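Residue strings, one per chain:
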Amino acid sequence: MQATAAATSFRGFWRKLQRNRMGLVGLVMLVTAVLVALFAGAIAPYDPKDPVPITIDDIYAAPGGEHLLGKDDAGKDVLSNFIYGSRVSLTVGFFASFISIFIGGVIGIVSGFYGGRVENLLMRFTDIMLVIPDLPLAVVLVALTRPRLSNIIFVIGILGWTGTARLVRSQTLAVKQRKFVLRARAVGAGNWHIIRKHIFPLVLPLIVVNTVLVISLAILNESTLSFLGLADPTAVSWGQMLNYAFTRGATSAGAWWALVMPGFGIVWVVLGCTLLGHGLEQVLNPRLESHHLSAAAPITAARTERLARRDLARGPVLLDVRDLSVDFEVPEGLPVHAVENVSFTLREGEVLGLVGESGCGKTTLMLSLMRLLPAAGRILQGEVNYLGKDLLSLSEQEIADMRWKEIAMVFQGAMNALNPVHTVGDQIAEAIVRHQGARSKAELEERISELLDLVGIGPERKDQYPHQYSGGMRQRAMIAMALSCLPKVLIADEPTTALDVMIQAQILELMSKLREQLGLAIIFVTHDLGVVAEMCDSVLVMYGGVTAEYASVDTIYNVPKHPYTQELLKAFPDLSRPSEKLVAIPGYPPRLDVPPPGCRFAPRCPLVFERCNLEQPRVHRLNGDHLASCHLVEPK
Amino acid sequence: MGKRLGWATVTVVFVITLNFFIFRVLPGDPARAGLRDPRLTREAIEAIRVRFGLDKPVINCFESLNPVKFGDCAVNPLQTQFFIYVGNLARGELGVSYHLNRPVQTILVQRLWNTVLLIGAGQILSVLIGIIVGVIAAWKARTSIDYIALVGSLLAWSLPTFWLGIILLFWGSRELGLPIGGKITPGMSFASAKELWWDVGRHMLLPTLTYTIVFLGEYMLIMRSTLLDVLSEDYILTAKAKGLSTFQILKDHALRNAMLPMVTIIALNLGFTVAGAIQIETVFSWPGLGGAIFEAVGRRDYPMLQGAFLLLAVSVILANLIADLLYSYLDPRVQAE
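Heads up: these notes are all about the structure in this document. In this text the structure is predicted, and so the values were computed from the model without any measurement.

This part is about the overall build of chain A. The helix and strand tally for chain A stands at 22 helices and 12 strands. What you see for chain A is a C-alpha radius of gyration of 35 Å, clearly larger than the 26 Å of a compact globule of 636 residues, by over 25%. With the principal axes as the frame, chain A shows a C-alpha extent of 110 × 65 × 60 Å. Burial status across chain A gives 46% buried among its 636 residues. A sequence separation of at least 24 residues applies to 69% of the contacts in chain A between residues at least 6 apart.

Structural data, given as structure tokens:
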């Protein structure tokens, strides 16, 4: 059973490695080197051990004729020496790294597994050994003993384990906390059994990657020792060939062939190890190498047919989003339709609640308004009109000028949204300087104090770093920062999740106050229907990337039309009707790479009927501003 | 702070002890073997015997360690070779070079500065260029620029330092007419300090270039990888939402955070730095500490070898300590602890 599992995981691993160009090239390079070493006798044209009578002309004879790569200082064939030299270099590399990996592995597993005083002692010793420069120590040790091959292997081996020990220890620490290890311990398995059966197999892949690196270091160290004259004269390695050539006048004789070839061999093996190690690393710990500064995908938004503009008596429209669709491209997979045909408007002073379960496209929608999507996100269609300007057609520079000054955003989980190495005051100042130009220092300081005061943080704390703030304070500091350039729109993406109830209330109160004082329009992204009822004027309910329902807050709470909205409200406690039972919605939101063919809510909908599974409902206008996408509300 | 200083001290004590016992335990017992060196006069031998207490037991209970000979345990510990060695060290005495017949410490101190000059120049260049290339590669991740930089760095990392030095020396001395080694042209007199430094600069060019290429790759790889992590952090998104330009974000928000692991790596690398110095100084006959180690090995000049190793190891430990302190300056979270 275990053997087959290991075999399949190995096959999967091998398939991934085959697709990794660097890793494969490295493997091929290493295999060739090993083959050359194994079959040196058959490949090499001459045996370096055969005595040959030489004349003066044979010394550093140039390449040509029978001697493809010329001759060395003793009139021997360089190519043959080179081929035989691979044996010595690889032998030292493999055996020395075996010693290093063994010592490092044992120290790492023992200290990670047993912890406490054992770990402390072993790791302190490792740290000390890590600081002591290993090559000079190796030089001293080899110089004091006889430079025999076995001594050299031993010295390189016992000096090269520190890196392995540290890596293996941290991996062991991680593995130790896994469920099956805790379970094995709970049923009384012995330490040795747990290490052998549970820890070692999981640490092994890391050891394999690390071995490749340790081999390359051992080969480099061996060649360096040989070059410095600390080599076994009976086993001539590539390093020693270089030592002979360099100390015996190859440079002044212009005999480049005697200098280039041995080095080429070392580089070939070490580069092979490095490429293979890099490839293995990428296969074992794959990571997405795109980030917030990766070039954004080009916007392919096509303008959509204009619906009749809704007429509301209240303030002027700030933000008018129409039919916005966003896809995420997935390497070797179907694109994820994160947002599809979503429209809404936001007026001056309005608070819009954006509601839906996790993963239904709320954050994606908000990021696309400011064009902050990650590189894989692509805006497919729609318009984002801000005071009559289409934000999607602006240049990078123009949109950067709009950000924060017109639309600012408080991100989900402000724990990491503040940079840990700058003071809070400096991070606020940066935004002000960017959009309102450099003012006098005193004025800037005063403005920062004002802003912090506004969110209830003492101005004396502006010179503190984010880690000196509590979670709630950090969130409030983010809000202060968002307000620093007096934006007209504030997007608050779950600003109160992960905060305790008291702080939540404080932040909500603060936002209501700011809205009244500054006439700010707010988009409030949340799961919390209570907060929505309390703060919002209108509500957009999203489900699986599409609009479920969009209406004023009273309509949503009193006459919800979409079954999803109705279910959400049932899952939320209503103080006026305490006797009613809370009902959770069974099932999970749909996968957006393979959405259901009909209505996205159909699989979980209590009112589902045949048509729902076949046809996706359009967004229907009920009366005035009430939008819902459900076949049940289709006007006759 | 105090803790770091404490551990640096423990490490130094460990190195001093190790340095004594290696030379006493391993075959040959060089301290005694040296006395049989025919180049020494009878008076010199007697002076050395007294100065280093070679007639005394190694430590309590041990007459000698190679071969192991047990002895009197009740000796005054201050009258053992180990304590005489420690005492001499405290007075800054490292012994007398067999080859040059001069105190090791005076030779090494001169040479230390040459090594610092060479390593300093190479380190500054390789860190700077490595960071710049790493930043560009991370910023342009998964483009052909990134790919070329990555393969180039892996190749640079794989080059044996001494071999690159030999190749550059071969090429530089033949094609560019650069000097083949040393620090200044022998026998030349200089009219001004400017001329002197011009000459030293010409000698330094190739060694520094070798050094830079060899260490560049690793710094680039580390920078690229940490920067990729940093650029995926939420605070970078915040900075972008604030309307900052890509350059500003890289400079003010990404680089300083990415520098934190860099400082650790640079410090850990100092050991390899020394390895690089030994090879480069050997190839280019640069009169530094690394070259001293090479010469001492060739001449079996054990006091010199022992002294040079000790000085190198202690320098690396001190440099590590400085890097640690620098780290807490860069990261406000560490200061708070």
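This part takes up the pairing of strand 6 (residues 407-410) of chain A. Residue and element names in this part refer to chain A. Neither face of strand 6 is exposed, since Ile407 and Met409 on one face and Ala408 and Val410 on the opposite face are all buried. Pairing geometry for strand 6 and strand 7 (residues 489-493), over four bridges, is parallel. Note that in strand 7 the partner of alanine 408 across the bridge is leucine 490.

One finds Ala138(A), Val139(A), Ala480(A), Phe524(A), Ile293(B), Leu305(B) and Ala308(B) to be the most contacted residues of the largest nonpolar core, which totals 261 residues. If you tally residues by element for this core, the top one is helix 8 (residues 193-231) of chain B, at 16 residues. Residue contacts for Ala308(B): discarding those within four places in its chain leaves Leu108(B), Leu289(B), Ala292(B), Ile293(B) and Ala296(B).

As a further point, take the pairing of strand 1 (residues 317-328) of chain A. Residue and element names in this part refer to chain A. The buried fraction of strand 1 amounts to nine of the 12 residues, a majority that puts the element mostly inside the structure. In the sheet, strand 1 pairs with strand 2 (residues 336-347) via eight bridges, with the strands oriented antiparallel. Paired with aspartate 320 across the bridge in strand 2 is threonine 345. In this sheet, strand 4 (residues 377-386) lies alongside strand 1 in antiparallel orientation, the contact comprising eight bridges. Within the sheet, the bridge partner assigned to leucine 319 lies in strand 4 and is tyrosine 386.

Pairing between the strands of a sheet is mediated by backbone hydrogen bonds and can be parallel or antiparallel. Strands sit in the order 2-1-4-5 (chain A) across an open sheet of four strands; the sheet is antiparallel. Two strands lie at the open edges of the sheet, namely strand 2 and strand 5 (389-390) of chain A, each paired on one side alone.

All names here are of chain A. Its 13 residues give helix 18 (residues 471-483) an end-to-end C-alpha distance of 19 Å, which sits within 8% of 18 Å, the value for a rise of 1.5 Å per residue. Across the 13 residues of helix 18, 11 count as buried, placing the element largely inside the fold. Here helix 18 has its buried residues at Met473, Arg474, Gln475, Arg476, Ala477, Met478, Ile479, Ala480, Met481, Ala482 and Leu483. Buried-residue contacts for helix 18 involve strand 6, helix 16 (424-436), helix 17 (441-454), strand 7 and helix 19 (501-518).

Contact with chain B, which involves 65 residues of that partner, is made by 62 residues of chain A. The element that contributes the greatest number of residues to the side of chain B that touches chain A is helix 10 (residues 246-283) of chain B, accounting for 12 residues. Within the side of chain B that touches chain A, the residues separate by chemical class into 42 nonpolar, 15 polar and eight charged.

Mapped onto the elements of the fold, Leu520(A) is located in the loop between helix 19 and strand 8 (521-526). Distance from Leu520(A) to Glu350(A), taken between C-alpha atoms, is 7.5 Å for residues 170 residues apart in sequence.

To continue, consider unusual backbone geometry. Phi is positive for Arg371(A), which is not a glycine, with a value near 55°. The backbone of Ser285(B) shows a phi angle near 45°, a positive value even though the residue is not glycine. Judged by local crowding, Ser285(B) falls into the partly exposed class, with 18 C-beta atoms found within 10 Å.

Parameters and conventions
Residues numbered from 1 in each chain as written. Chains lettered and ligands numbered in written order. Predicted model: local features only at pLDDT ≥ 70, side-chain atom pairs only at ≥ 80, totals over all residues. Helix = DSSP H or I, 4+ residues; strand = E, 2+ residues; numbered from the N terminus. Rg over C-alpha atoms; globule rule 2.2 N^0.38 Å. Buried ≥ 20, exposed ≤ 12 C-beta atoms within 10 Å, placed from the backbone. Contact = placed C-beta atoms within 7 Å. Pairing = 2+ DSSP bridges. Core = buried A, V, L, I, M, F, W, Y, C linked by C-beta atoms within 7 Å. Expected span 1.5 Å × (residues − 1). Nonpolar A, V, L, I, M, F, W, Y, C, P; charged D, E, K, R; others polar.

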